[in-house]
Amino acid sequence: MTERTGIRPEQAMKMLRTMRTIRQLSERIIPLYPKDVMETPVHLCIGQEAVSAGLCIHLRDEDLMVLGHRTHGPALAKGLPLKSLVAELYGRTTGCSHARGGSMHVYDGEHGIPGSSAIVGGNIAVSVGLGLGRKLLGSEGIGVAYFGDGATDAGVFWESLNFAALKEVPVLFLCEDNGLSNVMPKSEHMFADPARIAGEFMPVYRADGTDVLSVYEEAGRAVAQVRESRGPAYLHCTTKRWMQHQGVLEDDLPYNPIDPEKDCPIVRFEEFLLRTRLATPGELAAVGEEIERDLDEAFAFAEASPYPDPEAMEV
Amino acid sequence: MPWSRFDREWTEPGEGRILEFKDAVREAIDQAMQLDERVFCLGLDADDRYAVYGTMKDLTHPERVMGTPISENACTGVALGLALSGMRPIHIHMRADFLPVAMDQICNYIAKWRDMFDDQCKVPLVIRAVIGRGWGCGAQHSQTLHGLFARLPGLKVVTPATPHDAKGLLLSAIRDDSPVLVLEHRWLFKNEGPVPEEIYFVPLGEGRRMREGRDLTIVANSLAAVHAMKACESEGIDADLIDPRCVKPLDLPLILGSVEKTGRLLVVDYDSPFGGFAAEILAQVAEAGPGILRAPARRLTFPDRSMPASGPLERRFYPDVQRIAEAAHRLCGDPVAAGGVG
């Protein structure tokens, strides 16, 4: 990680807290998942936390983002309360989608998440519409299309790039490129570099998605570009997926080797924080402990919350 | 000329100002855009000189009409995003056949969005599509598809038959906070009828009895309703004619009340037969009113295959006034001469 200054300590700690919340929630889900207390397909974000944290620190509630199927990281980073998410995973009425959505369909109107979709690619077009709507209504908000590299295979991705550029839509295309489409490596599903071609349509920024400071800086530029120009921009973040596409098992694909130190955005960022004296070891430990308490509370809340009444599903 | 055959095929009787169907549609859009600045139109060729067969002509707010690339799927997603961001979009298609291009957005996104999040958000989105027919339009430019889309939970499907209903239903669709698909048959566009100048709303899910009769109930929507009306008038059929106006939500009580009176049911549905609108009506009548039918219910639909291009084939593909009359007479046990109406 390169030495950088200019980041305020409270922002640094906020990003750390976001990344640790995403990570520690995942680690909490892993041992519970085989017990079937969460009957919903989860797509964990371990290894990819920096992209959500580094992007969303630049976003406001009025910025609207319809997510894809891998929701936990970006939703928490955007502001979805932990309790609402965990209750939704538990299928309880107190969940963010009132037990109708599950892990792949989260909603938080207050924090600018008007839903998420499990059909890869389509959420990109919806997010372009969100950006256009913000512009037409005179809001300073923007749309954010958050997708993985697999989505760049879809026609709707290219249609959306064209539409956003043609109509000058204030939308940020955020590609969280983990190099895998389920188990397929990128080389087997995409011929070219979509970010390079996107450059024909709009300004393109690139970040190291395992380095939260890199994402923070490039996302800052990209979001500012969208806000100021009221037109589109593209941010490509390379990252690594540590777990299998879905579920709680570690990925063991030979072409997706993981180095738990070098590839870990949290290890890298904590080293930076200590080295630059933005945080002490005690402060870092305290963040982790505080999140553990939040998780205790969120899981207790979910477990104590009622299931929906099956009678509500009238014929 | 391609469309000359159906120019002013029918004029709805009634008092008041007379408008063509297409002008009634135009007036609904224009008034809605004047009333609410969030109403925004987009679509392929929505803003060109032909103005979607005149339905978008000389609008008061042309700045709120956006022409789009041939990207129906993405543009349907954009329309959903607009609705979720607080606008009230109308996405317009020159042909209903373009809707399946956007099936991912319509089926997986739009129809499900409110239910998937327990109605925490509104989806005030109208999709307008024009049904084509004739002059060799063939398999990919002549589909009706209302039965297909009514299969999707969460989507309302509206099929106006008269200028009055074209305006009133479209205004209701624009006012609705759920997604509504409005399918307008191109062959109705030059029909005339009385249309109030002011804004009015025809409730979605409220059918209309187009004429009173005793011998049988004919249920028909869109162009089929007009043809059924003409069949009754010209062939002396004493039918209770019900135009449900909305495929979904369906006005079952109106249909059932009529069938209880007549004891006979003919559904004329200009769509493919399998699992379609006519099949649904027959199923609902069978479930809701066992024993009320004096004769087996009948359907008159397209054959279960795609639209041919050649004129003679195409004209046989579509049921018409003559065949509706024949079917009605047969159902009532009237003598029907071979090759014609008895």
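This text gives an overview of the structure that appears in the document. Per chain, residues are indexed from 1 in the order of the written sequence. Whichever chain is written first is A, and whichever ligand is written first is 1; the rest continue in order. Given that this is a predicted model, residues contribute local features only at a pLDDT of at least 70 and side-chain atom pairs are listed and counted only at 80 or more, while totals for whole chains, interfaces and linings are drawn from all residues. To get the side-chain values, take all heavy atoms of the structure and skip hydrogens and water.

### What about the overall build of chain A?
Stated precisely, the cut-off is as follows: In this text, helices come from DSSP runs of H or I with a minimum length of four residues, and strands from runs of E with a minimum of two, each type numbered from the N-terminal end. Every radius of gyration here is taken over C-alpha atoms, with the globule rule written as 2.2 Å times N^0.38, N being the number of residues. Throughout this description, buried means an accessible area under 20% of the type-specific maximum (1.4 Å probe, protein chains only), exposed means over 50%, and partly exposed covers the range between. Residue contacts follow a heavy-atom distance rule, with two residues in contact if any of their heavy atoms lie within 4.5 Å. In short, Shrake-Rupley with a 1.4 Å probe defines the accessible areas, and a residue's cover is counted only from the protein chains shown. Neither His nor the chain ends contribute to the count of charged residues, in which Lys and Arg are positive and Asp and Glu negative. Taken as the charge location is NZ of Lys, CZ of Arg, CG of Asp or CD of Glu.
Along chain A, the regular secondary structure elements total 11 helices and 7 strands. The C-alpha atoms of chain A give 19 Å as radius of gyration, which agrees with the globular expectation for 315 residues (20 Å, within 12%). Projecting the C-alpha coordinates of chain A onto the three principal axes gives extents of approximately 60 × 50 × 45 Å. Counting every position in chain A, which comprises 315 residues, the buried fraction comes to 59%. The long-range fraction of contacts in chain A, counting pairs at least 24 apart against all pairs at least 6 apart in sequence, stands at 75%. Roughly 12600 Å² of accessible area belongs to chain A as shown, and the carbon and sulfur atoms make up 52% of that amount. Positive and negative charge centroids in chain A, built from 30 and 46 side chains respectively, lie 4 Å apart.

### Section: the packing of aromatic side chains
In plain terms, the rule: To pair, rings of Phe, Tyr and Trp, with the six-membered ring standing in for Trp, must have centres within 6.5 Å; the planes then decide the type, stacked if under 30 degrees apart, edge-to-face if over 60, and tilted in the middle.
In the structure shown here, the tally under the stated rule is 17 aromatic pairs over all chains. Judged by centre distance (6.0 Å) and plane angle (10 degrees), the ring pair of phenylalanine 269 of chain A and phenylalanine 272 of chain A falls under stacked. Taken together, the residues phenylalanine 269 of chain A and phenylalanine 272 of chain A, both in helix α10 (residues 265-275) and 3 residues apart, mark about one turn of the helix. Of the residues examined, phenylalanine 272 of chain A reaches a relative accessible area of 0% and is grouped as buried. Here tyrosine 53 of chain B and phenylalanine 189 of chain B contribute two aromatic rings whose centre-to-centre distance is 5.9 Å and whose plane-to-plane angle is 85 degrees, an arrangement assigned as edge-to-face.

### As for the interface of chain A and chain B
The condition that has to hold: By definition, the buried area sums, over both parts, the 1.4 Å-probe accessible area that each loses when the two are put together. Each reported salt bridge corresponds to a side-chain nitrogen of Lys or Arg within 4 Å of a carboxyl oxygen of Asp or Glu. Under this definition, polar contacts are N or O atom pairs within 3.5 Å; protein pairs additionally need one hydrogen-donor-capable and one acceptor-capable atom, and for neighbouring residues in sequence, both atoms have to be side-chain atoms.
Each partner contributes residues to the interface: chain A has 35 residues there, and chain B has 31 residues. Here chain A meets chain B over a buried area of about 2500 Å², counting both sides, of which 68% is carbon and sulfur. Taken as a group, Arg100, Tyr107 and Phe163 of chain A account for 22% of the area that chain A buries against chain B, more than any other trio of residues on that side. Across the chain A-chain B interface, the total number found is 2 salt bridges. A salt bridge links aspartate 115 of chain B to arginine 100 of chain A, with the nearest nitrogen and oxygen atoms 2.8 Å apart. Between chain A and chain B we count 13 residue pairs in polar contact (both at pLDDT 80 or more) in total. Those elements that place two or more of their residues in the side of chain A that touches chain B are β1 (64-66), α5 (122-136) and α6 (155-166) of chain A.

### As for the packing of α5 of chain A against helix α2 (residues 72-84) of chain B
For clarity, the threshold we go by: Each axis is a line fitted through C-alpha atoms, and for a helix only the stretch in contact is used; angles between axes span 0 to 180 degrees, taken between their N-to-C directions. Here roughly perpendicular refers to angles of 65 to 115 degrees, roughly parallel to angles under 35, roughly antiparallel to angles over 145, and oblique to all remaining angles. Working rule for handedness: look at the near helix, and if it is turned counterclockwise from the far one by less than a right angle, call the crossing left-handed; if clockwise, right-handed. Three classes are used, and their members are as follows: Ala, Val, Leu, Ile, Met, Phe, Trp, Tyr, Cys and Pro are nonpolar, Asp, Glu, Lys and Arg are charged, and the others, Gly among them, are polar.
Orientation of α5 of chain A relative to α2 of chain B, taken along the N-to-C sense of each, is 50 degrees, at an axis distance of 6 Å. Regarding the angle of α5 of chain A to α2 of chain B, the classification is oblique. Once α5 of chain A is placed against α2 of chain B, the crossing between them reads as right-handed. Contact residues: α5 of chain A offers Ala125, Val126, Val128, Gly129, Leu130, Leu132, Gly133 and Leu136 of chain A, while α2 of chain B offers Ala74, Gly77, Val78, Leu80, Gly81, Leu82 and Leu84 of chain B. Taken together, the residues of the contact of α5 of chain A with α2 of chain B break down into 11 nonpolar, 4 polar and no charged.

### Points about the pairing of strand β6 (residues 204-208) of chain A
This is how the line gets drawn: Handedness of a crossover is defined as follows: orient the strands so they point away from the viewer, and if the path from the first strand over the helix to the second runs clockwise, the crossover is right-handed.
Across the two faces of β6 of chain A the burial differs, with Tyr205 and Ala207 of chain A buried and Val204, Arg206 and Asp208 of chain A not buried at all. With respect to chirality, the unit in which β6 of chain A leads through helix α9 (residues 212-229) of chain A into the neighbouring parallel strand β7 (residues 233-238) of chain A is right-handed.

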